[in-house]
Amino acid sequence: MPAAEVSDALFPSMYTHTDGSSADPIAQYEKDVKLTADYIRTNFPGKKIYAYIWPQFYNLHMSPNDSYQKFMTGEQWTRVLEVCYANFDGVILWCHGKGPDDEAVAWSDSRVQEVYAATKNFVSKYYDNIAVAAGATGGDVEIVPTEFEVFADLGFNNTPRNLLKYGIQPINLI
């Protein structure tokens with residue numbers, strides 16, 4: 001709490017959990033995002049909120065652990081992006097490049113491409129409100145920040161480094 005009080009921005013981890021028994025694991029996630037955003041805005045007014053999100057299920061500490069690292073469908077990922085858009089100032093997309101069996105996953109993998117297609121559609125839908133850092137360029141066009149920011153550190157093998165033309169800024173995570 002003391003660190004949050006002196007921070008310019010807050011970065012909650014908003015990973016999606018499922019125990020595999022829910023027909024709609026994103027419904028609870030939507031409630032969790034709203035609860036988290038409301039709590040932060042109430043207790044830390046005026047702070048920017050950038051959520052860490054991951055297009056795979058994060059059940060690392062749950063038992064059973066059948067859903068850990070399984071990829072979301074494009075529809076599920078779109079719902080995650082939409083609820084974050086409605087509640088936060090931006091998102092940080094990250095992926096460590098591994099699948100449910102801890103195997104390396106390439107950028108060309110159909111699961112990655114399904115999530116990426118959903119991300120591109122989301123960015124296209126809100127393009128006028130997606131901010132890219134001042135001075136950054138997407139192709140030949142300079143993009144000026146407006147409202148919602150999308151950052152990414154994608155660990156899939158052979159991921160293109162420059163996704164700026166899609167409104168996605170590179171970021172290095174430590």
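Residues numbered from 1 in each chain as written. Predicted model: local features only at pLDDT ≥ 70, side-chain atom pairs only at ≥ 80, totals over all residues. Heavy atoms only, no water.

Time to look at empty space enclosed by the protein. Over the atoms a probe the size of a water molecule is rolled, and this reveals where empty space is left. For the structure on display, the rule yields 2 cavities of 30 Å³ or more. A volume near 110 Å³ is recorded for the largest cavity. Contributing to the lining of the largest cavity are 14 residues, with Leu93, Val115, Tyr116, Thr119 and Leu154 lying nearest its centre. Contributing elements (two or more residues each) for the lining of the largest cavity: β3 (90-95), α4 (110-125) and β7 (148-154). Here the element with the most residues in the lining of the largest cavity is α4; it accounts for 4 residues. In terms of residue class, the lining of the largest cavity is made up of 13 nonpolar, 1 polar and no charged. (1 Å grid on protein atoms, 1.4 Å probe; cavity = no way out; pocket = protein on both sides within 12 Å on 5 of 7 lines; lining within 4 Å. Points joined across faces, edges and corners; volume = space filled by probe spheres on them. Helix = DSSP H or I, 4+ residues; strand = E, 2+ residues; numbered from the N terminus. Nonpolar A, V, L, I, M, F, W, Y, C, P; charged D, E, K, R; others polar.)

In this section: the packing of helix α3 (residues 74-87) against α4. One way to put it is that α3 packs onto α4 with a least axis distance of 8 Å and a crossing angle of 35°. By crossing handedness, the relation of α3 to α4 is classed as right-handed. Only Glu114, Val115, Ala118, Thr119, Phe122 and Lys125 of α4 make contact with α3, whose side of the interface consists of Gly74, Trp77, Thr78, Leu81, Glu82 and Tyr85. Of the residues assigned to the contact of α3 with α4, the class counts are 6 nonpolar, 3 polar and 3 charged. (Axes fitted to C-alpha atoms, helices over the stretch in contact; angles between N-to-C directions. Left-handed = near helix turned anticlockwise from the far one by under 90°. Contact = heavy atoms within 4.5 Å.)

Taking 1.5 Å as the rise per residue, α4 with 16 residues should run 22 Å; its terminal C-alpha atoms sit 22 Å apart, in good agreement. Taken as a whole, α4 has its buried residues at Val112, Val115, Tyr116, Ala118, Thr119, Phe122 and Val123. Seen along its axis, α4 keeps its buried residues to an arc of 160°; they face one direction. Opposite its buried face, α4 presents the exposed residues Ser110, Asn121, Ser124 and Lys125, each directed more than 90 degrees away. Turning to α4, the residues buried within the fold contact α3, β3, β4 (130-131) and β7. Looking at where α4 begins, the residue whose side-chain oxygen comes 2.8 Å from the main-chain nitrogen of Arg111 is Asp109. (Expected span 1.5 Å × (residues − 1). Buried < 20%, exposed > 50% of the residue type's maximum accessible area, 1.4 Å probe, protein only. Arc of directions from axis to C-beta. Polar contact = N/O pair within 3.5 Å; in protein donor to acceptor, adjacent residues only side chain to side chain.)

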